Amino acid sequence: GGIRVFSPATVANLVCGFDVLGLCLHEPYDIMDVKLLDEPNIIVRSADGYPLPEDPAQNTAGAPLIEMLKEVDENIGFEVLIHKRIKPGSGVGSSAASAAGAVVAANHLLGNRFSKEQLIQFAMFGEKVASGVKHADNIAPCIYGGVTLIRSIFPLDIIPLTAPNLYVTVVHPQIEVRTADARAILKQKVLLKDAIKQWGNVGGLVAGFLKEDYDLIGRSLEDFIIEPVRSMLIPGFDELKKKCKAAGALGGGISGSGPSVFMLSKEEATAQQIAQIMAAIFTRIGIDFHTYVTRI
Ligand code: HSE
C-alpha cells in the first residue's frame, strides 16, 4: 500500500524565538508519495528531477526513515517520491517538510504506532543532515500545525499554541543563504541586557498568541540577538521592515535562517499590500524575488 501526504512550509524562529518557536503555513507544501517495501531498504526519489543525494543517510527524508526503521522489528522498508514545491534553501522549512512528511507518511503505513514526539525525534535527523544541527522549530509546526513552542529538545518538550487568524506575507529574494553558514556567523555569547529584552519578547509573543492580542504580538516581534547579525545577509532588510510596519503589518523578520523575510498581518488586504511593498524594494535593488500571501 501507499499514501500521499502534503507536507507544509513553516516559518522558524518567529523573530525573537531562535530555535524555539515556529509556525505552519497553509501553503506552499511538498507532495510526498510513500510506499511500504518488503525488504529493509530506503529509496528516496525526486518527482521533478532535481538532484537528491544517492545515499539515503545523506538525504533529509531518508535519514529520519533510517532512524525509524531501527525501532521497527520487521523486514520492511520505504520508497519515497518527493514532489518538491517548497524551494530548498528559501528559509521556509524545505528540509523539515521532507523529513516530517516522510515520517508522518511512514507512520501511517505502520498503523500509527509512533507518537508525534517520536516522529519529531526521527525527523530531527533530517535537519542534522541539512544544517549540521538538530532543531525542531520547523519540524514541530510542520507535524502539529499552527504555532508551536519547542521548550526543549533534550528532552523533547513541545507545546502547541493556539493562535489567532493571521496572514503571512513572504518574500523570497533569490540569493543563497545556507543555514549552516547563517548559524556559523552567530555570536556564541549574549549580553545579559539583550537576553532580558529577548526573553521578555518570547514570553510576550507566546502570551500574545494565546490571548489573541495583536498589539502584544506586534510589540514582541523584535530580535536583539540573531537579527542584527543575520540581517546583513539580506539586502534592503531594514528598509523593508520599516516600510512594512508603517503600512500596517504587525511585524516580522527573517524567516528561519533566511533569505526569505516574512510579515504577519491581521487583515488579508494589509498582507497583500505588504507583498507590493516587498516587491517594490527588491525590484529597485535589482534582486529577483518571489512573494506570496498565505495564512497560518
Ligand atoms: N532555527 C533555525 C535557524 C531554523 O534559524 O538556524 C533554520 O532552519
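Residues numbered from 1 in each chain as written. Predicted model: local features only at pLDDT ≥ 70, side-chain atom pairs only at ≥ 80, totals over all residues.

1. Quick notes on the pairing of strand β2 (residues 21–37)
Here is step 1: Two elements, strand β1 (residues 2–12) and β2, share 10 bridges in a ladder whose sense is antiparallel. Residue pairing in the sheet places Val5 in a bridge with Met32 of β2.
Here is step 2: Relative to strand β5 (residues 147–153), β2 runs antiparallel, the two being bridged by 3 bridges. Each residue of the ladder has a partner; that of Leu21, found in β5, is Leu149.
Here is step 3: Relative to strand β4 (residues 77–83), β2 runs antiparallel, the two sharing 7 bridges. Residue Met32 lies in a different strand from β4, and its bridge partner there is Ile82. (Pairing = 2+ DSSP bridges. Helix = DSSP H or I, 4+ residues; strand = E, 2+ residues; numbered from the N terminus.)

2. Some details on the sheet that holds strand β9 (residues 261–265)
Whenever strands of a sheet pair, they do so through backbone hydrogen bonds, lying parallel or antiparallel.
Here is step 1: Read from one edge of the open sheet, 4 strands run β8-β9-β7-β10, paired in antiparallel fashion. The outermost strands of the open sheet, each flanked by one partner alone, are β8 (251–254) and β10 (289–295). Averaged over neighbouring strand pairs, the angle between their axes works out to 15 degrees when direction is ignored.
Here is step 2: This element, helix α10 (residues 268–285), spans β7 (167–173), β9 and β10 of the sheet and lies at about 15 degrees to β7. (Axes fitted to C-alpha atoms, helices over the stretch in contact; angles between N-to-C directions. Contact = placed C-beta atoms within 7 Å.)

3. A few points about the packing of helix α1 (residues 62–70) against helix α2 (residues 94–109)
Here is step 1: Following both chains from N to C, one finds α1 and α2 inclined at 35 degrees, their axes separated by 8 Å at the closest point. Crossing of α1 against α2: the hand is right-handed. Every residue of α2 that contacts α1 at Pro64, Leu65 and Met68 is listed here: Ala99, Ala102, Val103 and Ala106.
Here is step 2: Residue composition of the contact of α1 with α2, by class: 7 nonpolar, no polar and no charged. (Left-handed = near helix turned anticlockwise from the far one by under 90°. Nonpolar A, V, L, I, M, F, W, Y, C, P; charged D, E, K, R; others polar.)

4. Description of the nonpolar core
Here is step 1: If you look at the biggest cluster of nonpolar residues, it comprises 78 residues, and the most contacted ones within it are Ala100, Ala102, Val103, Ala123 and Ile139.
Here is step 2: Per-element tally for this core: the top contributor is α2, with 9 residues.
Here is step 3: For Ala100, the residues in contact, after removing those within four places along its chain, are Ser7, Ala123, Ile139, Cys142 and Ile143. (Core = buried A, V, L, I, M, F, W, Y, C linked by C-beta atoms within 7 Å. Buried ≥ 20, exposed ≤ 12 C-beta atoms within 10 Å, placed from the backbone.)

5. Digging into the packing of helix α9 (residues 237–246) against α10
Here is step 1: Closest axis-to-axis distance for the α9/α10 pair is 10 Å, and the angle between their directions is 155 degrees. One element, α9, and the other, α10, form an angle in the roughly antiparallel class. As for how α9 packs across α10, the hand of that crossing is right-handed. Of the residues in α10, those in contact with Glu239, Leu240, Lys243 and Cys244 of α9 are Ile274, Ile277, Met278 and Ile281.
Here is step 2: Its residues assigned to classes, the contact of α9 with α10 shows 6 nonpolar, no polar and 2 charged. (Parallel < 35°, antiparallel > 145°, perpendicular 65-115°, else oblique.)

6. Thoughts on the environment of Lys189
Here is step 1: Residue placement: Lys189 occurs in the loop between α5 (179–184) and α6 (192–211).
Here is step 2: With 4 C-beta atoms packed within 10 Å, Lys189 lands in the exposed category.
Here is step 3: Between the C-alpha atoms of Lys189 and Ile225, which are 36 residues apart in sequence, the distance is 9.5 Å.

7. Looking at the UniProt feature "domain: GHMP kinase N-terminal" (unreviewed entry) in the protein
Here is step 1: Residues given the UniProt feature "domain: GHMP kinase N-terminal" (unreviewed entry) here are residues 68–146.
Here is step 2: Helix and strand shares over residues 68–146 are 52% and 9% respectively, and the end C-alpha atoms of the span are 25 Å apart. (UniProt positions renumbered as here; feature names shortened; annotations may be inferred.)

8. A closer look at α9
Structural remark: α-helix, 3.6 residues per turn; residues separated by three or four positions point the same way.
Here is step 1: By the burial criterion, the buried members of α9 are Phe237, Leu240, Lys241 and Cys244. Projection of α9 onto a plane perpendicular to its axis shows the buried side chains occupying an angular sector of 95 degrees, all on one side. Facing away from the buried surface of α9 by more than 90 degrees, the exposed residues are Asp238, Lys242 and Ala246.
Here is step 2: If you follow the buried residues of α9, they end up packed against β8, β9 and α10.
Here is step 3: Of the residues one or two after α9, Gly248 is the one with positive phi, at around 110 degrees. (Arc of directions from axis to C-beta.)

9. Focus: the site of the ligand
Here is step 1: Near the ligand lie 13 residues; those nearest to it are Ala12, Asp19, Asp137, Gly256 and Ser257.
Here is step 2: For the shell around the ligand, a count of residues per class yields 3 nonpolar, 7 polar and 3 charged. (Near = placed C-beta within 6 Å.)

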